[in-house]
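Summary of the model geometry
Chain by chain, the residues:
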Amino acid sequence: MYNKLQYISQGKTIEQQLYNIHQALDAGCDWIQMRFKNQTAKDSFALAEAVKFLCEEYLANFIVNDNLYLAQQIAADGVHLGLSDMKIDEARAILGSTKIIGGTANTFEDIVNHTKNGCDYIGLGPFRFTNTKEKLSPILGLSGYFEILEKLKKNKIEIPVYAIGGITLKDLNPLIETGIHGIAVSGIITKSDEKELLIQQLNEKLYANVIV
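In this report, the structure presented in the accompanying data block is examined. (Residues numbered from 1 in each chain as written. Predicted model: local features only at pLDDT ≥ 70, side-chain atom pairs only at ≥ 80, totals over all residues. Heavy atoms only, no water.)

A word on the pairing of strand β3 (residues 61-65). Counted residue by residue, β3 has five buried out of five residues, so it is predominantly covered. By the alternation rule, side chains of β3 split into N61, I63 and N65 and F62 and V64, which are all buried. With four bridges connecting them, strand β2 (residues 31-34) and β3 associate as parallel partners. From the neighbouring strand, I32 faces β3, where its bridge partner is F62. In the classification by handedness, the crossover that spans β2, the intervening helix α2 (residues 41-57) and the parallel β3 is right-handed. (Buried < 20%, exposed > 50% of the residue type's maximum accessible area, 1.4 Å probe, protein only. Helix = DSSP H or I, 4+ residues; strand = E, 2+ residues; numbered from the N terminus. Pairing = 2+ DSSP bridges. Right-handed = clockwise from strand over helix to strand, strands pointing away.)

Here it is in C-alpha cells:
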C-alpha cells in the first residue's frame, strides 16, 4: 500500500529544491513529489535527474508533478496530474500500467472520474487556504472531507485519498477520522527546524491504527 506521507517539494531554484528534498529524505520522508513550476525544460530535467538519484539512494518513491513527459523521460515512479493537466486515461495510455498516476480532486465527481480513468491515488483539497498554490479550488475544510469520503464509502469506491492544503500536526487526528489514507504536505516540512521529529510525529499519527 502507498506510503501515507507525501512531501511536495518547494524552492524557486534547482539548488533550493535539492536542498529541501534532501532534507526531507534525510529526516525520514519516503515519498517525494517534485513540484517545480514555470521552469525551463533544461532546468526541470536537471532537477528531476538529481532527485531521481537521491530517491533511489533513500529508497523513496519519486513522483513528478504535472510533467508527464519528464516523468517518462527519466523513468520516475509516476506522475501527479492537476485538474487542468492531461487527462488521467491519456496519461495511463502513455505511461502504461506499472507507473503510479495521482490526480488532484476538489469534488466527489472529480474522484469518480479519476477512478474510472485508472487513477491510483487522489490528492483531495485544499483543506484550508495555502500560499503554495496560485489558483486555489474552493476550500473543503473538515466537513468537506467527511462529506466526500462518506459518499465514496456509500458508492463503494475504494482509492487512497490524500488530504492536501495547509495541513498542520494539530489537524491530523480529526482528518484521519474522515477516512483519508494519508496527507501531502509542503510548507510544514520545508519550514520546520526539527524535520526529523515532525516527520516522526506525522507518521506516528498516520500509522497509529494500521495493523502490520
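Okay, the nonpolar core next. Counting residues in hydrophobic clusters, the biggest one holds 56 residues, and the most contacted among them are F62, L124, Y145 and I183. The leading source of residues in this core is α2, at five residues. Residue contacts for I183: discarding those within four places in its chain leaves K4, L5, Q6, Y162, A163, I167, L172, L202 and L206. Counting residues in hydrophobic clusters, the runner-up holds five residues, among them W31, I63, I100 and Y162. (Core = buried A, V, L, I, M, F, W, Y, C linked by side-chain atoms within 4.5 Å. Contact = heavy atoms within 4.5 Å.)

On to unusual backbone geometry. Residue G125 is joined to P126 through a cis peptide bond whose omega torsion reads 5 degrees. By secondary structure assignment, the location of P126 is in the loop between β6 (121-124) and α6 (141-154). Located in the positive-phi region is N38, a residue other than glycine, with phi close to 50 degrees. Here N38 is to be found in the loop between β2 and α2. Overall, N38 belongs to the exposed group, its relative accessible area being 72%. Not every positive phi belongs to a glycine, and K156 is a case in point at roughly 55 degrees. One can find K156 in the loop between α6 and β7 (161-164). Here K156 falls in the exposed class, since its relative accessible area comes to 73%.

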